[in-house]
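# Structure at a glance
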There are 2 protein chains.
Amino acid sequence: MKATLDITLYLIVGPSHDTGDRLALVRAAVAGGVTLVQLRDKTSSTRQMIADARALKQALAGTGVPLLINDRVDVALAAGADGVHVGRDDISAQDARRILGPNYILGITVKTLDEVRAVDPGIVDYASIGGVFETSSKHNPDAPIGLLGLQECVAALTAGAPGLTRCAIAGIDEGRTESVMAAGVDGICVVSAITKSPDPQEAAMRLRALVDRAKRVHERAFV
Amino acid sequence: MKATLDITLYLIVGPSHDTGDRLALVRAAVAGGVTLVQLRDKTSSTRQMIADARALKQALAGTGVPLLINDRVDVALAAGADGVHVGRDDISAQDARRILGPNYILGITVKTLDEVRAVDPGIVDYASIGGVFETSSKHNPDAPIGLLGLQECVAALTAGAPGLTRCAIAGIDEGRTESVMAAGVDGICVVSAITKSPDPQEAAMRLRALVDRAKRVHERAFV
């Protein structure tokens, strides 16, 4: 059965040689309000990725929070994860959906208007827009799109794939959450705002409160 | 439909930024007698791997020579390859078979007697034994098993998985083919013996002739 997608507060975790700590971090983040978790690992062996994904899936058991795997359909299927997130250097959304079938969540990163226009809402369940700001969590060869770029992508998505769930990614922290949410996304995707916090649960709670408040204001304004 | 496995002369090709040349090389090698091709790429992006695999699959169209992908079930399924080969850092054979289903070739590398004993002939279609000798094509952290190690593995495979197809891998060239085949394998797996030859077709023809002759002698001796 396909897991329920809630993109409100989306946490990406990377490869780790310290799985114990990472599992504790993910549990704390979920206790604080994270609604979706992604494992992004471009360097570990496939065997290690599958072991890490299984451990994360186990740590999330009973929380209702789905686990997605960046790029790797093989890892997702082997570990019993809930879906896959693809970017421009990864497997195409078409290929991923064909292999996964309908019962997995599939998300895509979009950064340019061309990429936004290519989004097929019959194939993907959500779009992650960005990088919005500079980030220390990932090497991005091209420039951040900024709040204006985010707004342009949101408008193009609204036109081309109305109703498709969307979030913003890259460099988002507490101070930027309001302005990002005001651009018209359903949630935020973060890495270091939670993983580098001395108190990941508290960090997640504060981010979650900001996103929830923005969504309430947005609903009052537009519905 | 599952492709027909013939392990007589098994060629591994790596990632390439010069796909045109690589496709020509593979075509020449197959014209010279290569019976099985594997794409082994631990560094390229998934999107690049899938594009490379599709190009190789197209280059092999009509030859009857199957294309296997090292480790990556996702790439194999996306590109329509014929199977997957797994080593100790890759997806497990069990996970790979579960995802692939019965209609794909699945091979495994074995180097130690423990690994040989863990081979499940109900899951894998062949075992590749080695590294037998030192190789320049891949970084192997542990020592080569040599001809004696190869013979031990063959004996253990014959006991535990009688009838399972097997080949030898690593550092095999023309001069070593006779002794490797005499250890009791069904074929040889090579990289540089063909890819680094100035005439890959001629190199494949000479290796193929040596393997074929060894198999004829072996049949006369043991049947």
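Cut-offs applied
- Residues numbered from 1 in each chain as written.
- Chains lettered and ligands numbered in written order.
- Predicted model: local features only at pLDDT ≥ 70, side-chain atom pairs only at ≥ 80, totals over all residues.
- Heavy atoms only, no water.
- Least-squares fit on C-alpha atoms with pLDDT ≥ 70 in both.
- Contact = heavy atoms within 4.5 Å.
- pLDDT = per-residue confidence, 0-100.
- Helix = DSSP H or I, 4+ residues; strand = E, 2+ residues; numbered from the N terminus.
- Expected span 1.5 Å × (residues − 1).
- Buried < 20%, exposed > 50% of the residue type's maximum accessible area, 1.4 Å probe, protein only.
- Pairing = 2+ DSSP bridges.
- Right-handed = clockwise from strand over helix to strand, strands pointing away.
- Axes fitted to C-alpha atoms, helices over the stretch in contact; angles between N-to-C directions.
- Buried area = accessible area lost by both parts, 1.4 Å probe.
- Salt bridge = Lys/Arg side-chain N within 4 Å of Asp/Glu carboxyl O.
- Polar contact = N/O pair within 3.5 Å; in protein donor to acceptor, adjacent residues only side chain to side chain.
- Nonpolar A, V, L, I, M, F, W, Y, C, P; charged D, E, K, R; others polar.
- Phe/Tyr/Trp six-rings, centres within 6.5 Å; stacked < 30°, edge-to-face > 60°.
- Lys NZ or Arg CZ within 6 Å of the ring centre and 35° of its normal.

## What to know about the relation of the copies chain A and chain B
Of the transformation placing chain A onto chain B, the axial shift is 0.0 Å and the rotation is 180 degrees, giving an RMSD of 0.0 Å. Such values leave the two copies arranged in the relation of a two-fold axis. No C-alpha of chain A approaches the rotation axis more nearly than that of Asp74 of chain A, which lies at 2.5 Å. Same-surface contact between copies: 100% of interface residues of chain A are shared with the interface of chain B.

## Examining the confidence of the model for chain A
Averaged over chain A, the pLDDT score is 93; the fraction of residues at 70 or greater is 96%. For this predicted complex, the interface confidence reaches an ipTM of 0.92, while the overall pTM sits at 0.94.

## Some remarks on helix α6 (residues 146-160) of chain B
For α6 of chain B, built from 15 residues, the straight-helix expectation of 21 Å at 1.5 Å per residue is met to within 8% by its first-to-last C-alpha distance of 21 Å. Contacts from the buried residues of α6 of chain B go to α5 (113-117), β6 (126-129), β7 (165-169) and α7 (174-182) of chain B.

## Here's the deal with the environment of Ala28 of chain A
Residue and element names in this part refer to chain A. Mapping Ala28 onto the fold places it in helix α1 (residues 19-32). Through-space distance from the C-alpha of Ala28 to that of Met205 is 9.9 Å; in sequence the pair is 177 residues apart. When near neighbours in sequence (up to four residues on either side) are disregarded, Ala28 contacts Pro200 and Gln201.

## Brief notes about the pairing of strand β8 (residues 187-190) of chain A
All names here are of chain A. Of the two faces of β8, both are covered, the one formed by Gly187 and Cys189 as well as the one formed by Ile188 and Val190. With three bridges joining them, strand β1 (residues 9-13) and β8 adopt parallel strand pairing. Bridging from a neighbouring strand, Leu9 pairs with Ile188 of β8. With three bridges connecting them, strand β7 (residues 165-169) and β8 associate as parallel partners. Its bridge partner being in β8, Ala168 is matched across the sheet by Ile188. As a crossover connection, the stretch from β7 through helix α7 (residues 174-182) into β8 is right-handed.

## Focus: the sheet that holds strand β4 (residues 83-86) of chain A
Residues and elements named next belong to chain A. Spatial ordering of the closed barrel is given by β1-β2-β3-β4-β5-β6-β7-β8, a layout of eight strands whose pairing is parallel. Averaged over all pairs of adjacent strands, the angle between strand axes in this sheet comes to 25 degrees, irrespective of strand direction. Where helix α4 (residues 93-100) meets the sheet, it contacts β4 and β5 (105-110), and its direction lies at approximately 175 degrees from that of β5.

## Regarding the interface of chain A and chain B
Taken together, the contact pairs 20 residues of chain A with 20 residues of chain B. Between chain A and chain B lies a buried interface of about 1,500 Å² when both sides are counted; carbon and sulfur atoms form 49% of it. The largest per-residue losses of area from chain A upon contact with chain B belong to Arg47, Asp74 and Ile99 of chain A, which jointly make up 30% of the total buried on that side. Put simply, chain A and chain B have four salt bridges between them. With its nearest N and O atoms 3.7 Å apart, the salt bridge here joins Arg72 of chain A to Asp74 of chain B. Applying the counting criterion to the chain A and chain B interface returns 15 residue pairs in polar contact (both at pLDDT 80 or more). At the level of secondary structure, the elements contributing two or more residues to the side of chain A that touches chain B comprise α2 (46-59), α3 (73-79) and α4 of chain A. In terms of residue class, the side of chain A that touches chain B is made up of six nonpolar, four polar and ten charged.

## Here's the deal with the packing of aromatic side chains
All names here are of chain A. Under the counting rule described, the total for this entry stands at two aromatic pairs over all chains. Ring geometry for Tyr10 versus Tyr126: centroids 5.8 Å apart, planes at 85 degrees, classification edge-to-face. Of the two residues, Tyr10 is situated in strand β1 and Tyr126 in strand β6 (residues 126-130); the sequence distance between them amounts to 116 residues. The ring of Phe133 carries Arg176 above its face, with NZ or CZ at 4.0 Å from the centroid.

## Overview of the sheet that holds strand β4 (residues 83-86) of chain B
Note on sheets: strands pair through backbone hydrogen bonds, and any given pair is parallel or antiparallel. All names here are of chain B. Taken in spatial order, the eight strands close into a barrel running β1-β2-β3-β4-β5-β6-β7-β8, and their pairing is parallel. Strand-to-strand twist of the sheet, defined as the mean angle between neighbouring strand axes without regard to direction, takes the value 25 degrees. In this sheet, β4 lies alongside strand β3 (residues 67-70) in parallel orientation, the contact comprising three bridges. Along β4, the bridge assignment pairs Leu68 with Gly83.

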